[in-house]
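A structural walkthrough
The lines below spell out each chain.
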2 protein chains.
Amino acid sequence: MNLQEELIKTAVKLFEERGYARTSVQDIVTVAGVTKGAFYHYFTGKEDVLMMLHEQYINHLLGQSREISSRPDLGPKAKLRELMKILLGEIAQYGGHAKVFFQEKNHLHPDHLELIREKRDEYFLLFEKVVREGIESGDFRSDLDPVITTLGVLGICNWSYRWFRPDGKYSSNEVANMFGEMIERGISS
Amino acid sequence: MNLQEELIKTAVKLFEERGYARTSVQDIVTVAGVTKGAFYHYFTGKEDVLMMLHEQYINHLLGQSREISSRPDLGPKAKLRELMKILLGEIAQYGGHAKVFFQEKNHLHPDHLELIREKRDEYFLLFEKVVREGIESGDFRSDLDPVITTLGVLGICNWSYRWFRPDGKYSSNEVANMFGEMIERGISS
């Protein structure tokens with residue numbers, strides 16, 4: 001890991017523990033054991049770190065999910081299952097990022113918040129598109145509201161940022177399969 | 001609404017908008033248009049308001065849910081549907097409370113946090129008990145993990161604090177019925 005990565009990782013840990021508002025650049029450099037000069041070599045300030053970790057989180061998620069979404073060999077059920085696996089895997093692996101992403105976005109600069117919102121919207125629409133495809137193909141119930149269904153699927157997965165423990169009883173893939181099974185039965189025609 | 005209620009409502013609004021850390025007692029009294037003396041007549045400080053709103057939220061939820069959970073005339077499916085309806089209704093009606101409840105609990109005094117945790121645990125166990133009853137009665141699938149299933153049901157409902165709008169397309173009862181249907185089909189044997 002390079003120093004920039006190291007500083008982001010330290011910041012995530014501090015934002016997660018104390019909250020963004022109560023963490024200073026001084027706290028980050030003290031815990032990371034570097035000088036403020038080193039910090040300002042990589043970041044323009046605290047908000048810059050917050051933006052970078054938001055981007056890391058959503059870009060990583062979007063990249064993998066776009067790929068699944070565009071695969072012609074997968075039907076709606078398989079796509080939805082894979083999208084859930086990616087999301088639960090991301091939250092399992094980057095729990096700190098996820099927590100900060102869900103709780104501290106209002107501290108982003110308005111322009112940055114707008115950029116993150118656009119990506120979140122794109123991410124939401126990837127899920128919604130799969131739900132709509134499934135309704136059209138007859139795989140999913142025709143009485144479903146695609147938006148509410150998408151909100152439900154995202155809710156069941158996203159909420160895991162509050163309880164999933166990497167050292168817990170189940171891996172994120174096992175949880176994804178349990179939730180995937182529940183959702184698939186829940187929305188299949 | 002009495003003055004104490006008025007102050008809690010103002011505090012919820014400010015905590016929701018700016019976060020607890022960035023809201024002062026002075027902010028609360030200024031927005032509410034009362035003196036600090038009036039504030040300290042009802043509360044010992046800012047944390048006291050935070051604790052009261054946490055208690056209001058969880059007590060209201062627990063009271064209604066305990067009643068449903070103990071009704072001998074309802075089977076597991078009906079109980080689960082009613083519990084979801086109560087939770088989604090609570091979030092719809094007290095969105096600000098819910099948001100502060102989910103995001104600011106770490107600002108509670110450790111003793112207060114412990115009290116709230118106990119009530120949250122009791123609430124979780126009410127849901128889990130219904131899931132276990134349903135597995136035992138054969139209403140729900142025998143291969144379900146009751147804890148993961150409960151986390152899924154709570155996740156799908158709780159996440160609505162981030163998106164539900166009282167002036168949106170559906171009422172909280174309508175959403176509860178859509179999610180209830182999805183969950184019921186998803187976990188039925």
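Residues numbered from 1 in each chain as written. Chains lettered and ligands numbered in written order. Predicted model: local features only at pLDDT ≥ 70, side-chain atom pairs only at ≥ 80, totals over all residues. Heavy atoms only, no water.

This next bit is on the packing of aromatic side chains. All chains considered together, the criterion is met by 24 aromatic pairs over all chains. Ring geometry for Y57 of chain A and F102 of chain A: centres 6.4 Å apart, planes at 75 degrees, overall edge-to-face. Here Y57 of chain A, found in helix α4 (residues 46–69), pairs with F102 of chain A, found in helix α6 (residues 95–103); they are 45 residues apart in sequence, far enough to count as distant. Neither residue differs from the other here; Y57 of chain A and F102 of chain A are each classed as buried. Relative to Y161 of chain B, the ring of F102 of chain B lies with its centre 4.8 Å away and its plane at 45 degrees, an arrangement referred to as tilted. Here F102 of chain B is found in helix α6 (residues 95–103), whereas its partner Y161 of chain B is found in the loop between α8 (146–158) and α9 (172–187), with 59 residues between them in sequence. Here F102 of chain B falls in the buried class, since its relative accessible area comes to 4%. (Phe/Tyr/Trp six-rings, centres within 6.5 Å; stacked < 30°, edge-to-face > 60°. Helix = DSSP H or I, 4+ residues; strand = E, 2+ residues; numbered from the N terminus. Buried < 20%, exposed > 50% of the residue type's maximum accessible area, 1.4 Å probe, protein only.)

An α-helical turn contains 3.6 residues, so any two residues separated by three or four positions project in the same direction. Taking 1.5 Å as the rise per residue, helix α9 (residues 172–187) of chain A with 16 residues should run 22 Å; its terminal C-alpha atoms sit 22 Å apart, in good agreement. Within α9 of chain A, burial applies to S172, V175, A176, F179, G180, M182, I183, G186 and I187 of chain A. Seen along its axis, α9 of chain A keeps its buried residues to an arc of 165 degrees; they face one direction. Lining the buried residues of α9 of chain A we find α5 (76–93) and α8 (146–158) of chain A together with α8 and α9 of chain B. (Expected span 1.5 Å × (residues − 1). Arc of directions from axis to C-beta. Contact = heavy atoms within 4.5 Å.)

Bringing α8 of chain A into the picture now. Compared with the 18 Å implied by 1.5 Å per residue over 13 residues, the 18 Å span of α8 of chain A between its first and last C-alpha is a close match. Taken together, the buried positions of α8 of chain A are P146, I148, T149, T150, L151, G152, V153, L154, G155, I156, C157 and N158 of chain A. In this structure, the buried side of α8 of chain A is in contact with α5, α6, α7 (110–137) and α9 of chain A together with α8 and α9 of chain B. Capping the start of α8 of chain A, D145 of chain A holds a side-chain oxygen 2.9 Å from the backbone nitrogen of V147 of chain A, two or three residues further along. (Polar contact = N/O pair within 3.5 Å; in protein donor to acceptor, adjacent residues only side chain to side chain.)

Residue and element names in this part refer to chain A. One can read the domain layout of chain A as domain 1 (1–43) and domain 2 (46–187). Inter-centroid distance (C-alpha atoms) of domain 1 to domain 2 is 27 Å. Between domain 1 and domain 2, the residue contacts involve 16 residues of the former and 14 residues of the latter. Seen at the junction of domain 1 and domain 2, the total is 0 salt bridges. At the level of secondary structure, the elements contributing two or more residues to the side of domain 1 that touches domain 2 comprise α1 (3–18) and α3 (36–42). Among the elements that take part in the side of domain 1 that touches domain 2, α1 stands out by supplying 7 residues, more than any other. Considered class by class, the residues forming the side of domain 1 that touches domain 2 number 10 nonpolar, 4 polar and 2 charged. (Domains from an automatic or database assignment. Salt bridge = Lys/Arg side-chain N within 4 Å of Asp/Glu carboxyl O. Nonpolar A, V, L, I, M, F, W, Y, C, P; charged D, E, K, R; others polar.)

Let us look at the relation of the copies chain B and chain A. Two copies of the chain are present, and they differ by a rotation about an axis and a shift along that axis. Least-squares fitting of chain B to chain A yields an RMSD of 0.0 Å, with the superposition described by an axial translation of 0.0 Å and a rotation of 180 degrees. One copy is carried onto the other by what is essentially a two-fold rotation axis. Minimal C-alpha separation from the rotation axis in chain B is found for G186 of chain B, amounting to 2.0 Å. Comparing contact sets, 100% of the residues at the interface of chain B also lie at the interface in chain A, consistent with an isologous, same-surface contact. (Least-squares fit on C-alpha atoms with pLDDT ≥ 70 in both.)

As a further point, take the UniProt feature "DNA-binding region" (unreviewed entry) in chain A. Mapped onto the present numbering, the UniProt feature "DNA-binding region" (unreviewed entry) falls on residues 24–43 of chain A. The annotated region residues 24–43 of chain A carries 75% helix and 0% strand content, and the separation between its end C-alpha atoms amounts to 13 Å. (UniProt positions renumbered as here; feature names shortened; annotations may be inferred.)

Looking now at the state of the cysteines. Overall, the coordinates contain 0 disulfides over all chains when judged by the stated rule. The thiol of C157 of chain A is not disulfide-bonded; the next cysteine sulfur, from C157 of chain B, is found 15 Å away. (Disulfide = S-S within 2.5 Å.)

Glancing now at the packing of α7 of chain A against α8 of chain A. All names here are of chain A. Relative orientation of the contacting elements α7 and α8 amounts to 120 degrees, with a least axis distance of 9 Å. By the angle between their axes, α7 is oblique relative to α8. The two elements α7 and α8 cross, and the hand of that crossing is right-handed. Counted together, Y123, F124, F127, E128, V131, R132 and I135 of α7 and P146, V147, T149, T150, L151, V153 and L154 of α8 form the full contact between these two elements. Classifying every residue of the contact of α7 with α8 gives 10 nonpolar, 2 polar and 2 charged. (Axes fitted to C-alpha atoms, helices over the stretch in contact; angles between N-to-C directions. Parallel < 35°, antiparallel > 145°, perpendicular 65-115°, else oblique. Left-handed = near helix turned anticlockwise from the far one by under 90°.)

Moving on, we come to the interface of chain B and chain A. Counting residues at the interface gives 34 residues for chain B, matched by 34 residues for chain A. Taken over both partners, the interface formed by chain B and chain A buries close to 2,900 Å², and the fraction arising from carbon and sulfur atoms is 63%. Together, I148, W159 and M182 of chain B form the three largest contributors to the area buried by chain B at its contact with chain A, with a combined 23%. Put simply, chain B and chain A have 2 salt bridges between them. In this structure, D145 of chain A and K169 of chain B form a salt bridge, with 3.6 Å as the shortest nitrogen-oxygen distance. Here chain B and chain A share 6 residue pairs in polar contact (both at pLDDT 80 or more) between them. (Buried area = accessible area lost by both parts, 1.4 Å probe.)

The next point concerns the pattern of salt bridges. Within this structure, the stated rule accounts for 28 salt bridges over all chains. Between R141 of chain B and D143 of chain B there is a salt bridge, and its shortest N-O distance comes to 3.2 Å. Through salt bridges with shared partners, a single ionic network connects R81, E181, E184 and R185 of chain A.

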